[in-house]
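# Tertiary structure, described
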Amino acid sequence: MTLTAILFSTLALVAVTMLATRVIGRNAGWLAAALLAALAFAVGVRVPEILGGDGTGEGLGVVRESVPWIPSLDISLGLRLDGLSALFLIIVLGIGALVMAYSARYMSERNVHPHTGYFAWMLLFAFAMTGLVLSDDLILLFVFWELTTLCSFFLINRSGERAGPPAVRTLLVTAMGGLSLLFAVVLIVVQTGTTVVSEALSSAVWSEDPGFSAAIAVLVALAAMTKSAQFPFHMWLPDAMVAPTPVSAYLHAAAMVKAGIYLLMLFSPALGGNLVWQSILIAAGLTTAVMGALFAMRSFDLKEIMANSTISQLGLIVALIGIGTPAALATAALYTLAHALFKASLFMVVGIVDRQAGTRDIRLLRGLWRRMPVTFATTLLAGLSMAGVFPMLGFISKEYLLGQMLDAGGSLWVGVVLAAIAVFASATTFAYTGRILFGAFSNYRGTTRPLEVEEGQEPREDAREAKPLFVLSALIPALIGLILGPAIAVLYPLVGAAGSAASGESYGASFALFGGFTTELALSLTIIGVGTLAITQRRRLDVFFERRILSFKAIDVVEAIRTGAISLGLRVGNATRTDVPTQHLGAPWIIVGVVTAVALVTIPSVGNLVPSAEPWSDVVWLGLLVATVIPAVLTRSRLIALVLVGSAGFVVALWFFALGAVDVGLTQLLVELLTVVALVLILRRLPAVFHAVARSRQVVTAVIALGVGVVTTVVTLWFTGRRDMSPVGQYFLDEAYQDTGGTNVVNTILVDYRALDTFGELTVIAVAGIVLIGILRSRPMIAERTSDVAVWASSALARTTDNTLPVRMLARWAAPFIILLSFHLFWRGHYEAGGGFIAALVGATGFGLAYLGARADRGAPVAWPYRGLLSAGVIVAVLSGVWGYAVGSFLKPVRFDIPLPWGGEYGFTSAMVFDLGVYLAVLAIIIAVINELGGVRESDIEPSSQAGPVLIAGPVPTARETAPREKEHAGAGRTGTDEPPTQAADHPTTGGRS
């Protein structure tokens with residue numbers, strides 16, 4: 001089975017299990033378990049390929065596969081299977097299979113559908129971990145690393161009402177590590193010139209640039225320590241215990257925390273001898289080992305004990321990796337396997353005890369060993385392995401760990417200190433293992449801490465053994481730990497290959513269950529003796545651990561940072577959450593000031609301003625702009641201001657045409673046309689004139705406006721200055737046709753070269769359209785102006801049927817032409833001026849014309865399904881992007897020639913399909929604006945007028961007849977009541993067009 005097949009089989013398993021839960025409920029866990037076990041077996045079948053010729057694992061055999069992903073960036077879906085990744089992959093898939101089988105009986109038989117999300121996220125986590133350990137590309141490695149972070153967040157967050165804050169805190173800590181890894185990946189790619197993991201780690205830059213190596217050591221160590229819960233990032237792991245027990249068993253035995261361990265071992269070939277790397281890992285690892293063990297001694301909840309135990313055990317593994325020798329790394333690999341087995345078993349036991357006895361508090365549990373003998377035996381086997389007792393696999397890994405600690409540092413005293421710390425942590429491990437066994441299964445209840453039992457956590461006196469299928473998943477890894485102790489030789493090849501891959505040197509692993517009367521054995525006996533003494537003195541130790549040294553917990557620090565960040569965000573947001581325009585203009589003013597300061601400093605190095613070859617043409621256009629802008633500023637009429645501002649826009653469009661920017665000029669012209677239509681719809685609901693403004697305010701705003709205009713103009717000219725064509729621009733002109741088959745450089749940039757950027761803008765358009773619809777529908781719009789009804793009600797302007805006749809006649813003849821022109825501009829956009837955006841604007845003008853020619857708002861033919869069009873635009877763009885995978889990557893244009901009936905060929909490209917998505921989205925948002933702003937809303941219409949607008953067919957009412965209604969309308973909206981203002985739709989003069 002290929003590596004690619006193994007990877008995507010885990011992803012397919014997500015969908016298969018989600019469907020299975022709909023049919024067989026929680027029993028889908030058995031299906032997931034069987035398939036994960038099959039994938040683990042498939043990995044095992046490939047293991048001989050990576051072992052040495054003699055089967056010892058001394059070789060550095062590697063299986064590689066690569067599939068193009070983003071060829072333009074030289075990024076591939078590169079996969080690699082060596083001894084290290086094979087070991088971790090077997091752990092991920094094997095423990096995952098056991099946890100899925102366990103979940104099939106842990107999850108409730110009721111509420112079938114909620115299990116779908118649980119299995120989906122758990123298996124998606126297995127997919128993320130599979131991708132992580134197989135990745136041979138740094139970018140791919142980072143993607144899967146972040147996917148594990150997201151999966152853990154959602155698994156924790158869906159665990160109940162109290163899961164929100166712990167999930168967020170876990171996300172904050174681990175996401176910080178993700179950012180650290182991202183920085184490291186970027187630096188490595190820049191320095192080594194490759195994204196391939198194996199090539200980057202074998203680069204000579206690691207030895208040639210000590211500063212670079214030290215920086216990467218810090219960044220990678222930080223990323224791994226956040227994932228593996230090492231001090232000072234340990235706090236999230238106990239906090240995440242709100243998640244269901246199967247989640248904890250998988251994340252903290254084989255998945256989440258093992259990701260950090262794998263990352264450290266992956267980078268060991270490049271950083272193993274780096275002093276910064278060794279110092280960080282050894283110091284943090286041993287500190288965490290001792291701290292976690294002491295925290296476990298003061299805990300009474302079985303799950304909390306396991307969480308702190310996990311922190312402690314991982315600390316020992318991290319310290320071993322920090323030592324960095326091939327023997328230490330092989331021992332770390334062996335310890336990782338042993339830890340995965342006994343910790344998965346113990347976590348599952350905690351869930352069994354919780355389900356059968358009704359509590360996890362060891363102060364409340366008594367005598368379970370008689371009523372739950374199989375569960376007790378399982379706990380005993382896994383606990384003995386964790387405590388490092390002969391002949392368990394945990395005993396061997398602990399023995400060799402102590403030996404590596406003694407040999408570390410190059411001097412005797414360093415080794416003695418490190419070994420002494422490890423002995424203390426291991427003795428404490430032995431002690432809290434006894435705390436678990438005696439506290440949960442014996443009659444021991446001794447503690448001075450007052451019991452604070454939560455509702456529903458009282459122990460059940462009728463607790464009995466769980467069903468065999470429930471206990472079996474926990475028993476299997478405990479038995480494997482027992483079997484692999486005497487049969488340790490079976491692991492030599494795989495563990496040796498893992499050590500070889502992690503160290504970059506050939507290493508033949510050789511572990512013995514009994515190596516004679518050695519110093520390590522003496523230390524093991526010391527651990528057992530000290531641990532036994534601690535168990536016998538457990539009552540006094542409980543009293544001792546009751547004394548808090550610090551008045552706060554580490555999780556309190558994280559929570560304070562989280563709440564502080566939220567508070568800071570609120571303060572920053574409140575600074576601009578106002579209706580006062582001056583406060584909104586503060587940020588642009590600051591930006592202008594900064595740009596001005598930068599310009600004044602850098603102007604000498606930017607270059608000289610080259611005068612225009614045709615200065616008089618610029619003067620003419622500027623003069624026209626002045627002639628439209630100054631009156632627009634001075635007039636008090638909103639309608640005149642709109643006309644003048646629109647005229648300024650038209651001048652700018654003509655200026656673009658004069659400069660040869662046909663696409664830009666056409667876009668500007670069409671936008672101005674449609675903007676005027678939209679603003680006219682708004683002006684009907686606003687007063688005819690602007691409100692009066694004090695003279696002093698006019699002077700101040702004039703000075704500000706002129707100052708900003710002058711500064712912006714000068715800075716723009718200095719930074720652009722009519723200089724020669726940039727190299728990028730020249731490249732587009734020279735290579736656009738060769739690369740894309742299009743001759744319209746502007747369009748090819750938008751839909752070929754920068755298609756992903758345009759896709760982002762397309763998504764923004766769709767979101768903006770949805771927000772616009774929501775805002776306009778969230779509250780009634782202001783009623784239309786009716787103050788002039790008495791003046792012109794008797795004039796010809798009131799006859800909507802007559803006064804819209806010219807526009808309707810024009811629309812009847814022009815609409816087909818506009819539609820054809822829109823299609824023509826779209827079709828030619830890749831070769832001449834046009835494209836999806838411009839074509840959509842042209843098509844939208846047809847709708848604007850149809851609206852203006854309608855006799856009444858509700859009769860306007862613009863009620864197209866614009867929300868569906870918005871969605872369709874994005875979907876079409878996505879599908880065209882997926883089409884690009886046919887030739888290599890997302891959104892890469894696919895080109896082929898279409899024979900024409902009259903001869904010749906038409907060069908078609910999938911970029912035109914992408915452009916169709918742009919067309920649909922732009923057209924939809926313009927129709928949404930016209931329909932929402934112009935249409936009469938049912939909430940704004942009086943009940944008597946629900947049947948529709950009244951069209952005048954007879955004599956027009958006189959001013960006297962309409963006067964009472966005018967007063968009624970004039971008073972509408974000023975009563976202070978909650979009723980919507982009376983709309984004039986039932987009046988002939990305001991229901992149509994004038």
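Now for a look at the structure at hand. This one's a predicted model, so the numbers in the text were calculated from it and none came from an experiment.

Think of an α-helix as 3.6 residues a turn; residues three or four steps apart then line up on the same face. Between its terminal C-alpha atoms helix α2 (residues 28–46) stretches 28 Å, which fits the 27 Å expected from 19 residues at 1.5 Å a residue. Residues of α2 that are buried include every one of A28, G29, A32, A33, L36, L39, A40, A42, V43 and R46, and no others.

The grouping of V626, V629, I630, V633 and L634 at the surface amounts to a nonpolar patch, some 480 Å² of accessible area in total. Within the fold, V629 resides in helix α28 (residues 615–634).

Bringing the packing of aromatic side chains into the picture now. Scanning the entire structure with this criterion turns up 20 aromatic pairs. Pairing F88 with Y262 gives two aromatic rings, centres 5.3 Å apart and planes at 70°, and the pair type is edge-to-face. Here F88, found in helix α3 (residues 83–106), pairs with Y262, found in helix α12 (residues 256–266); they are 174 residues apart in sequence, far enough to count as distant. Of the residues examined, Y262 reaches a relative accessible area of 1% and is grouped as buried. A cation sits over an aromatic face here: K227 above W145, 4.6 Å from the ring centre. Of note, R363 hangs over the ring of F300, and the distance from its end group to the ring centre comes to 4.5 Å.

Once that is clear, we can look at the side chain of Q404. Take Q404: it is sitting in helix α19 (residues 393–407). Non-local contacts of Q404, meaning those with residues more than four positions away in its chain, are made with L320, I323, T325, A327, A328 and T331.

A few words now on the environment of T379. Here T379 is to be found in helix α18 (residues 373–387). Assessed through its relative accessible area of 2%, T379 is described here as buried. Placed 58 residues apart in sequence, T379 and L437 show a C-alpha to C-alpha distance of 7.3 Å. Excluding its chain neighbours within four sequence positions, the residues that come into contact with T379 are L346, V349, I436, L437 and F441. In terms of polar contacts, T379 uses its side chain to reach the backbone carbonyl oxygen of T375, at 2.8 Å.

We now examine the packing of helix α14 (residues 275–297) against helix α15 (residues 302–323). Two packed helices can be described by the angle between their axes and the distance between those axes. The contact between α14 and α15 brings their axes to 7 Å, and the two run at 160°. Of the possible angle classes, the one that applies to α14 and α15 is roughly antiparallel. In the packing of α14 onto α15, the handedness of the crossing is left-handed. Between α14, through W277, Q278, L281, I282, G285, L286, T288, A289, G292, A293, F295 and A296, and α15, the contact on the second element is made entirely by I305, N308, S309, I311, S312, G315, L316, V318, A319, I321, G322 and I323.

This part covers the nonpolar core. Counting residues in hydrophobic clusters, the biggest one holds 202 residues, and the most contacted among them are I95, M100, Y250 and F267. Broken down by element, this core gets its largest block of residues, 21 residues, from helix α16 (residues 326–357). Apart from residues no more than four positions distant in its own chain, I95 is found in contact with I90, Y250, A254, A340, L341 and A344. Counting 49 residues, the second-largest nonpolar core is a separate cluster that includes L825, A839, A921 and V929.

This model, assessed by the stated rule, comprises nine salt bridges. Note that D301 and R360 form a salt bridge whose closest N and O atoms lie 3.0 Å from each other. Of the two residues, D301 is situated in the loop between α14 and α15 and R360 in the loop between α16 and α17 (368–371); the sequence distance between them amounts to 59 residues. The salt bridge involving D757 is made with R754; its shortest N-O contact spans 2.3 Å. It is possible to trace a salt-bridge network through shared partners that takes in R64, R80, D82 and D136.

About the thresholds
Residues numbered from 1 in each chain as written. Predicted model: local features only at pLDDT ≥ 70, side-chain atom pairs only at ≥ 80, totals over all residues. Heavy atoms only, no water. Helix = DSSP H or I, 4+ residues; strand = E, 2+ residues; numbered from the N terminus. Expected span 1.5 Å × (residues − 1). Buried < 20%, exposed > 50% of the residue type's maximum accessible area, 1.4 Å probe, protein only. Patch = residues over 30% accessible without salt bridge, like charges linked within 9 Å, V, L, I, M, F, W, Y side chains within 5 Å. Areas by Shrake-Rupley, 256 points an atom, 1.4 Å probe, with all protein chains shown as cover. Salt bridge = Lys/Arg side-chain N within 4 Å of Asp/Glu carboxyl O. Phe/Tyr/Trp six-rings, centres within 6.5 Å; stacked < 30°, edge-to-face > 60°. Lys NZ or Arg CZ within 6 Å of the ring centre and 35° of its normal. Contact = heavy atoms within 4.5 Å. Polar contact = N/O pair within 3.5 Å; in protein donor to acceptor, adjacent residues only side chain to side chain. Axes fitted to C-alpha atoms, helices over the stretch in contact; angles between N-to-C directions. Parallel < 35°, antiparallel > 145°, perpendicular 65-115°, else oblique. Left-handed = near helix turned anticlockwise from the far one by under 90°. Core = buried A, V, L, I, M, F, W, Y, C linked by side-chain atoms within 4.5 Å.

By themselves, these figures tell us nothing about what the structure is for.
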